[in-house]
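Given next are the chains, with one letter for each unit.
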Amino acid sequence: MTGPEENYSAEAEASSRDPHDWGRAMALALTRLAEQLAPEDSEDMHASLVDRPLHLRISDHESGVMIALSTQEPSGH
């Protein structure tokens, strides 16, 4: 697992602005983040996310939204 000073981020686009439609984008962003955090030979990739504080940002993007997850707290907070 990574050290506390290392910061990782991942994002995925949802093609809708309705929060009910964001599940796939959220899952994709989580998977991309887990892939960065987990050791290369890990068979239990999701374990790298358990008990780890994550930061979520949702922003407008074309006809939908961009879901961004990171291990770093946004600046100014």
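Everything in this summary refers to the structure shown in the same document. (Residues numbered from 1 in each chain as written. Predicted model: local features only at pLDDT ≥ 70, side-chain atom pairs only at ≥ 80, totals over all residues. Heavy atoms only, no water.)

## Overview of the pairing of strand S1 (residues 9–14)
Only one face of S1 is covered, namely the one carrying Ala10, Ala12 and Ala14; the face carrying Ser9, Glu11 and Glu13 has none of its residues buried. In this sheet, strand S3 (residues 64–70) lies alongside S1 in antiparallel orientation, the contact comprising six bridges. Within S3, the position partnered with alanine 14 by the bridge is valine 65. (Buried < 20%, exposed > 50% of the residue type's maximum accessible area, 1.4 Å probe, protein only. Helix = DSSP H or I, 4+ residues; strand = E, 2+ residues; numbered from the N terminus. Pairing = 2+ DSSP bridges.)

## As for the sheet that holds strand S2 (residues 55–61)
Read across the sheet, three strands follow the order S1-S3-S2 without closing on themselves; strand pairing throughout is antiparallel. Each edge of the open sheet is held by one strand with a lone partner, namely S1 and S2. Averaged over all pairs of adjacent strands, the angle between strand axes in this sheet comes to 20°, irrespective of strand direction. In the packing of helix H1 (residues 23–37) onto the sheet, contacts are made with S1, S2 and S3, and the angle to S1 comes to roughly 160°. (Axes fitted to C-alpha atoms, helices over the stretch in contact; angles between N-to-C directions. Contact = heavy atoms within 4.5 Å.)

## A word on H1
Note that an α-helix has 3.6 residues per turn; residues three or four places apart therefore point the same way. The terminal C-alpha atoms of H1 lie 21 Å apart, and with 15 residues this matches the ideal 21 Å at 1.5 Å per residue to within 8%. Along H1, the residues that are buried comprise Ala25, Ala29, Leu33, Ala34 and Leu37. Contacts from the buried residues of H1 go to S1 and S3. (Expected span 1.5 Å × (residues − 1).)

## Quick notes on the environment of serine 9
When you line up the elements, serine 9 lands in strand S1. A residue is classified by how much of its surface remains accessible, and serine 9, at 49% relative accessible area, is partly exposed. Sequence separation between serine 9 and serine 70 is 61 residues, and the spatial gap between their C-alpha atoms is 4.0 Å. Setting aside anything within four residues of it in sequence, one finds serine 9 in contact with Leu33, Gln36, Leu69 and Ser70.

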